[in-house]
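# Secondary and tertiary structure notes
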Amino acid sequence: MAITAWMSWEGGVDIVGATRPGVLMPNVMVHVARVVHTPIGSAPAGIVLFQPDPNAAPEVIGFVSSDPKLAAWFGPHIFAGTPFEKAPALVARIEIHTAADRATSRVEVAGMRFDVALSQLAPATVIHRPAGQPMPFAQQGLEAKAGKVELKVNGVTMPILVPDVAIGGGPGALVSACGVYAR
């Protein structure tokens, strides 16, 4: 398989979930890393979706980075063919802190602040998900599933129901020491 687009990262803190029972698709996603490397550069980056009312438009959705060129690169290169392909690029301030048993992220974007705290981490495991299962890119990396998740939006604790398996094929809340997406 010839690789046409890739990204790697270190220090990933990821949650995907719903704000209430019965929501068919996740309406919250904070998927960020301390540094993401791409063919066009490196910076803190990821994606944020916040749609507290699943029947309304998202309050925030987009690829986030301190580098606007990097944020704009993800949709057409890595996420082509997914619902996120046309997500906007948003400039954000991203902070990640990791320890053996805990990880946190703070994303400030579009006038909002998202704080994620993950704890009760399982041992890290090596993952390999082939392209198409379920995303159009191959995934490799180290993941540690979080047993406890806390999400605050603008300082207010938000309820979040985290699935055992998220749309990307891994746990709904995890810390990823490092990883690669390639297609």
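Everything here concerns the structure above.
Residues numbered from 1 in each chain as written. Predicted model: local features only at pLDDT ≥ 70, side-chain atom pairs only at ≥ 80, totals over all residues. Heavy atoms only, no water.

Turning our eyes to something else, we now look at the environment of Ala-33. Examined against the element boundaries, Ala-33 turns out to sit in strand β2 (residues 28-38). The class of Ala-33 is buried, set by a relative accessible area of 4%. The spatial distance from the C-alpha of Ala-33 to the C-alpha of Val-48 is 12 Å, given a sequence separation of 15 residues. (Helix = DSSP H or I, 4+ residues; strand = E, 2+ residues; numbered from the N terminus. Buried < 20%, exposed > 50% of the residue type's maximum accessible area, 1.4 Å probe, protein only.)

Okay, the pairing of strand β7 (residues 112-121) next. Of all 10 residues in β7, eight are buried, a share of seventy percent or more. Summarising the sheet, strand β6 (residues 102-109) and β7 pair through eight bridges and their orientation is antiparallel. Among the inter-strand pairings, Ala-103 is bridged to a residue of β7, identified as Leu-118. If you look at the hairpin formed by β6 and β7, you'll find two residues sitting between the two strands, and Ala-110 has a positive phi there, around 50 degrees. By the bridge criterion, seven bridges tie β7 to strand β9 (residues 138-153) in an arrangement that is antiparallel. The residue of β9 that forms the bridge with Asp-115 is Lys-152. (Pairing = 2+ DSSP bridges.)

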